[in-house]
Structure formats: C-alpha cells, structure tokens
Amino acid sequence: MPALDSILQQKLSLLESKHLRREAKESARTSGNRVMRDGKQLISFSCNDYLGLSHHSDVLASAHQAIDRYGAGAAASRLVTGNLPLYTQLEAALATYKGTGAACVFGSGYLANLGTIPALVGAGDLIIADKLVHACMIDAARLSGATVMRFAHNNMDHCQLLLANNRADYQHCLILTETIFSMDGDRAPIGMLKRLSREHDAWLMVDDAHGTGILKTDPDGIDIFMGTMSKALGAYGGYVCGSQVLVDYIKTAARSLVFSTALPPSVLASSITALNIVQNDYSLGEAALNKAHYFSRLLGLPPAQSTIFPVIVGENERALAISQTLEANGYLVTAIRPPTVPENTARLRFAFNTQHTNPQIEAVVAILKQEGLPCAP
Ligand SMILES: *Cc1c(COP(=O)(O)O)cnc(C)c1O
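What you see is a predicted model; the values in this text were computed from it and never measured. (Residues numbered from 1 in each chain as written. Predicted model: local features only at pLDDT ≥ 70, side-chain atom pairs only at ≥ 80, totals over all residues. Heavy atoms only, no water.)

Caption draft 1: Spatial organisation of the packing of aromatic side chains. Considering all chains together, one arrives at seven aromatic pairs under this definition. Aromatic pair F45 and Y331: ring centres 6.2 Å apart, planes at 50°, arrangement tilted. With F45 in the loop between β3 (40-44) and α2 (57-70) and Y331 in strand β12 (residues 331-332), the pair connects residues that are 286 residues apart, well separated along the chain. Through pairs of rings, three or more aromatic residues link up here, namely F45, F295, F309, Y331, F350 and F352. Sitting above the plane of the Y87 ring, R78 keeps its charged end 3.9 Å from the centroid. Taking NZ or CZ as reference, K98 lies 4.0 Å from the ring centre of F225, over its face. (Phe/Tyr/Trp six-rings, centres within 6.5 Å; stacked < 30°, edge-to-face > 60°. Helix = DSSP H or I, 4+ residues; strand = E, 2+ residues; numbered from the N terminus. Lys NZ or Arg CZ within 6 Å of the ring centre and 35° of its normal.)

Caption draft 2: View of the environment of P85. Position of P85 among the secondary structure elements: in helix α4 (residues 85-98). For the pair P85 and L126, spaced 41 residues apart in the sequence, the C-alpha separation amounts to 37 Å.

Caption draft 3: Local environment of α2. Across its 14 residues, α2 extends 20 Å between first and last C-alpha, which sits within 8% of the 20 Å expected from 1.5 Å per residue. Every buried residue of α2 is listed here: V59, S62, A63 and A66. The buried residues of α2 occupy an angular sector of 105° when the element is viewed end-on, so they sit on one face. Seen from the buried face of α2, the exposed residues on the opposite side, beyond 90 degrees, are S57, H64, Q65 and D68. Each element contacted by the buried residues of α2 is listed here: α4 and α11 (265-280). Looking one or two places after α2, you find G71, whose phi comes out positive at around 95°. (Expected span 1.5 Å × (residues − 1). Buried < 20%, exposed > 50% of the residue type's maximum accessible area, 1.4 Å probe, protein only. Arc of directions from axis to C-beta. Contact = heavy atoms within 4.5 Å.)

Caption draft 4: Fine view of the site of the ligand. In the vicinity of the ligand, 13 residues are found, and the nearest of them are G109, D207, H210, T228 and K231. Between an oxygen atom of the ligand and a main-chain N or O atom of G109, the distance comes to 2.8 Å. In the complex, 87% of the free accessible area of the ligand, which totals 380 Å², lies under the protein chains. Considered class by class, the residues forming the shell around the ligand number three nonpolar, seven polar and three charged. (Near = heavy atom within 4 Å. Polar contact = N/O pair within 3.5 Å; in protein donor to acceptor, adjacent residues only side chain to side chain. Areas by Shrake-Rupley, 256 points an atom, 1.4 Å probe, with all protein chains shown as cover. Nonpolar A, V, L, I, M, F, W, Y, C, P; charged D, E, K, R; others polar.)

Caption draft 5: Structural detail: the sheet that holds strand β1 (residues 28-29). The strand order across the open sheet formed by four strands is β1-β2-β3-β12, and the pairing between neighbours is mixed. Lying at the two open borders of the sheet, with one neighbouring strand each, are β1 and β12. Sheet topology note: the β3/β12 ladder contains two bridges and is parallel. Residue pairing in the sheet places I43 in a bridge with Y331 of β12. (Pairing = 2+ DSSP bridges.)

Caption draft 6: Main features of a nonpolar patch on the surface. Where nonpolar side chains cluster on the molecular surface, the patch consists of L4, I7 and L8 and spans about 270 Å² of accessible area. Relative to the helices and strands, L4 resides in helix α1 (residues 3-17). Given the relative accessible area of 56%, L4 is considered exposed. (Patch = residues over 30% accessible without salt bridge, like charges linked within 9 Å, V, L, I, M, F, W, Y side chains within 5 Å. Salt bridge = Lys/Arg side-chain N within 4 Å of Asp/Glu carboxyl O.)

Caption draft 7: Main features of the pattern of salt bridges. Scanning the entire structure with this criterion turns up nine salt bridges. Notably, a salt bridge pairs D184 with R347, separated by 3.1 Å at the nearest N-O pair. Separated by 163 residues along the polypeptide, D184 in the loop between β7 (173-178) and α8 (190-199) and R347 in strand β14 (residues 346-351) bring together distant segments of the chain. For R347, a relative accessible area of 3% puts it in the buried group. For E199, the salt bridge is made with R195, and the minimal N-O distance between the two is 2.9 Å. Taken together, the residues E199 and R195, both in helix α8 and four residues apart, mark about one turn of the helix. A residue is classified by how much of its surface remains accessible, and R195, at 37% relative accessible area, is partly exposed. Counted as one network, the salt bridges with shared partners bring together E16, R21 and E23.

In structure tokens, the structure reads:
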C-alpha cells in the first residue's frame, strides 16, 4: 500500500475505534423534511430547511427561469464577469430585510466568515469569541493572525473580564458571537454584547445563520451582521450586512470573494424568491418555532429558544445507537459528536420545520422516553 494511504488508513481506524469516523450517506431529499436513505423513506429532524423553502414551487420556478436566462454557472469571480444583475437584487433585498445600509453576498456562510474576519483584523489585533461559535468563525479567526481569546459560552462577566484585561494591548478588537447557536439552539445576549463592545471600543460581529428567516434581531450596534441563505431560505450562499463602507471594503479585500467563482444564477434567484416569501409572511418562522416548543414541552424541558433543540446523550456510541433506533422507526436524527460539540456531550440535534406534524413529534418523544431520555440533570 502506498505510504499516504497506509497512514490515512491508520487514522481512519483510530477514528472508528472512538466512534468518531464520519461518512456522508446518500440522502435523497424530496421535501422540507422527507429523506430517502438506503431505500427507506424517513422523516428528517436533521435538515436546516426550517420553512421547507428548498422545495417551494415559486423558489423552484425562479431557479428554472434564471438557468434559462443566464445559464448553469457564473463562469468567473464576481470581480471579473460573475456579478450578475441577480446579485444587485439579492443584496438590496438582504439590506432591506436586515435593516442595514448594505449587503455583500459570498459563495457560502463559511466563505463569508473566512473572507470577512481576516479582511478586518490581523496581527496586533484581538478577537474575543464565544466558546461555542461555529467552526468557520474559529478557522477565520486563526487565519487572520489576530490573537484569539474565548469566553465561556454566553458568560458576559467572562467576556467583560477579557476585554478589561486585554483590550488596551491591541490595536483593534472584534467580538464574535451568534444569534442562535447551531448545536445548542440557545440565543446570545446580543444587547449586553452591544453594550460591552461600545464600552471597550470593540467591533461586534454576529453570525445569524440560524436566525435568518426565523427571528428578527435589531441590527443597531452590530457592526458586522453575517448569515447564510442555506438554512431557512432553503438555497445557498452567505452574506455580510453592515454599512456601505464595510461592504465596499470587503468586496475588495475578502479573499474568499475575490478569488472564488460567483454563485450559480439559479442559486441567487432562489434566494431572492425565498427572502421575498419570508419578508411577506413573518408567521412562517413562528410556525417552525412552535414545533420546537411543542417538542420541548413534551420532554418536560425548558422552552426551545429557536428551531434547534438538542437532546444531550453524552457518550458517542450511545448517541449513535439511539440515532439508529430512531431511524429504524422512520425518523432521521443525526448524532452530533466531538469535535463539533465538546467531549462527553454527544447529542441528538433536532431541527424543526413548518412541515413536521404533531403526531411525528409525539412519536419521536415516545422513542426518546423509552431510551431513558432526557437524562436527569
Ligand atoms: C451553517 C453555518 C455556517 C456556514 O454556512 P454555510 O452557508 O452552510 O457555509 C456558518 N455559521 C453558522 C453558525 C452555521 O450554523
């Protein structure tokens, strides 16, 4: 066996022995929450398509039209010839939706963070991030070359302490958090973070990946407001909203925007239509939230704060086993393991969707209870 393959095979075996190997299973999604896997139709509680917009007929129709008009691919970066009129339309719609001066669309949420953070801070600057921010914010923070410090999840005393003890030693300071935490479903104290960032002359960047289309957050006091079109909007692509100057700057300085091909026309058109649907009907987000509330109530746990609700299991192997039991009963709930979540907090992450029915929610709760979940605190 060639040397590379033999080394990689050892790494795979080690992951396997710790129940940490990951594999992409073939999954045919046929609606907001129906997935065909291994020839079996499953109801999914693992899709982030909270409003079912990935299969909405208007969203599909606009994608078809965009393909017919502009083709399948964009053929170049936005700064060369990829900047379709659909970008202008989508960015205007995003700025209106978020209540900011301007917006910039990136290839994905990951690319938005990866391009924006290093464009704003570097060596000699300080990044202070919540312990649970998404991997792509951490990757971006490392890439920037700034000094990175983490505060305990949502712990404002700790955040304040880091600022008080360190802010003066650095030129610029950027605070990173999320509106809704992707693996925990809880919300950040955005109001307090706005105050801390003002008091300590820091910029506040908030990742709204799971809030977009679901919850409104006051943009005032948020310097960089990013998110994605790949979750509740059912499409693809990331964005950064903020002042016109911020957007003008990142369009020329964010390397993930400058050196990557523009999004396909169909994806831009889908996002425009989905955003329009969300803006005209605020009850959609509410409906998805209500499903999560029903679930947390049936489990006897504190109310869901978002469309995401994790049931913590602990051990990786047990989380995988319960996920398999759910699947055998027709429900798809992926087990989330380290390093996505901290050690010993493997979990079943439930994501709720407007199309889930109460009997489906009751059925998964019954299975969880049979498995002895939720664990006693
Ligand atoms: C999903 C996610 C991203 C990445 O967005 P993509 O568009 O999927 O690349 C960024 N931040 C958070 C918090 C996310 O959950």
